[in-house]
Amino acid sequence: MALNYIWIAFFVIAFVIALVRLIFFGDTEIFMHLVNGMFDSSKSSVMDIALPLAGNMALWLGIMNIGEKAGAINFMSRIVGPFFSRLFPGVPKDHPATGNMMMSFSANLLGLDNAATPLGLKAMDSLQELNTDKESASNAQIMYLVLLTSGLQLLPVTIIAQRAILHAKNPTDILIPCIIATYVAAVAGMIAVAIKQKIKLFDRVIISWLGGITLLISLMVWYFTAYLTKEQISTVSKVTSNLLLFAVPVVFIAGALYKKINVFEVFIEGAKRGFETSIKIIPYLVAMLVGIAVFRACGALDYINDGLRWVCVQFNMDTRFVDAMPVAYMKPLSGSGSKAMMINVMTTFKPDSFAGRLGCVFNGSSDTTFYIVALYFGSVGIKKSRYAIPAGLFADLAGIIAAILVSYLFFG
């Protein structure tokens, strides 16, 4: 229901703002921009997202089917079972959904976008098998989706690469702030959903896992900053990510051969589901991305930023962070849009400016909430998202606040 009202609001707000600009400011081209935005986004939803995703979906769902038949998914389920059984109490301990979620989270942590989405959709499909109300999101699906929207990532390779392209003096200086901000977003989202679902967060197992993850992230950050140069960080992240990405299908295939499974047939069986899922999500993608396009084209984000700057001036606050806020506004709406905003901020204010760095941290602090809700819930036919969007936006807000504070700490 929340998604319904938000989608309607995109069009109503865009129409009202465009009408005001036409009548009071004589902007005769504003409605042309809105119409062009509708057509361009509807085309890109299919041609630039759904069709390329079909190939990745076929590949990774085929590989995941091999892993499932070989027993690798069940093996991962047993490893993370104690932690996930408390965080996802509605999911049986040894259910394949646990291993699928673990694979999805691992791909996100390493910044493997091509693999993360197909693996995430596979995990959502596994959770849907346990869902008793097929049109309404289950508690487990909401927890999983909110953790995805936090965008927890250890290696923001694409952001670092973009900074290098724009000749930043030290492209990797945003690494630690990005990790801190996205980790805050993940923990905040998890806590919000856990409170709503009455999950006991002070359970010994949950505390142990969170403590271990925090320690691991801290050690990685310490090692990267103490022993590696910026060139070495880029090399290590690139090699590690791609090595692990290729190792997954190799390990799965080896396990399937050991069990004397017909690997090719199993792959084809899983790949077929990839094309079916890609076709199913097209209407949801078109609807959401068209709504976002008209909201962006009407200039609403610029007006929000002008209002925020005015408020900051009234309270004698530092306004440098406001220059980067368009990235934060766009991030929950569109990944490509937030990337474009990030590049625009770095181009306008220079990559090594406070705004340029903060824009990068904003882009690495969370993921695209509305896109993820439409994509993941649409792939399994869920129509009622319940409190998934408010919880996801709360995680985004926590990530934005953390990004601002940590950027002032590191670069202010």
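Residues numbered from 1 in each chain as written. Predicted model: local features only at pLDDT ≥ 70, side-chain atom pairs only at ≥ 80, totals over all residues. Heavy atoms only, no water.

Examining the pattern of salt bridges
- The full count for this structure, using the stated rule, is 10 salt bridges.
- What emerges from the salt-bridge pattern is a single network uniting Arg163, Asp173, Asp352 and Arg357. (Salt bridge = Lys/Arg side-chain N within 4 Å of Asp/Glu carboxyl O.)

Describing the nonpolar core
- Among the nonpolar cores identified, the biggest contains 96 residues, and Phe88, Met143, Tyr144, Phe362 and Tyr376 are the most heavily contacted of them.
- A per-element tally of this core places helix α17 (residues 388–411) first, with nine residues.
- Not counting chain neighbours up to four residues away, the residues in contact with Met143 comprise Leu87, Phe88, Met190, Val193, Ala194, Gln197 and Ile199.
- Judged by nonpolar contacts, the second largest core, of 16 residues, contains Trp60, Ala70, Ala116 and Leu119. (Core = buried A, V, L, I, M, F, W, Y, C linked by side-chain atoms within 4.5 Å. Buried < 20%, exposed > 50% of the residue type's maximum accessible area, 1.4 Å probe, protein only. Helix = DSSP H or I, 4+ residues; strand = E, 2+ residues; numbered from the N terminus. Contact = heavy atoms within 4.5 Å.)

A closer look at a nonpolar patch on the surface
- Taken together, the side chains of Tyr5, Trp7, Ile8, Val12, Phe15, Val16, Leu19, Val20, Leu22, Ile23, Phe24 and Phe25 present a nonpolar region at the surface, about 1200 Å² in accessible area.
- Tracing the backbone through its elements, the reader meets Val16 in helix α1 (residues 2–25). (Patch = residues over 30% accessible without salt bridge, like charges linked within 9 Å, V, L, I, M, F, W, Y side chains within 5 Å. Areas by Shrake-Rupley, 256 points an atom, 1.4 Å probe, with all protein chains shown as cover.)

Re the environment of Gly81
- Positionally, Gly81 belongs in helix α3 (residues 72–87).
- Here the alpha-carbon distance between Gly81 and Val91, two residues 10 residues apart in the chain, equals 9.5 Å.

Section: the side chain of Ser365
- Along the chain, the position of Ser365 falls in helix α15 (residues 354–365).
- The class of Ser365 is buried, set by a relative accessible area of 1%.
- A distance of 2.8 Å separates a polar side-chain atom of Ser365 from the backbone oxygen of Phe362.
- Contacts of Ser365, omitting those with residues within four sequence positions, involve Ser150, Ala181, Thr182, Ala185, Gly399, Ile400 and Ala403. (Polar contact = N/O pair within 3.5 Å; in protein donor to acceptor, adjacent residues only side chain to side chain.)

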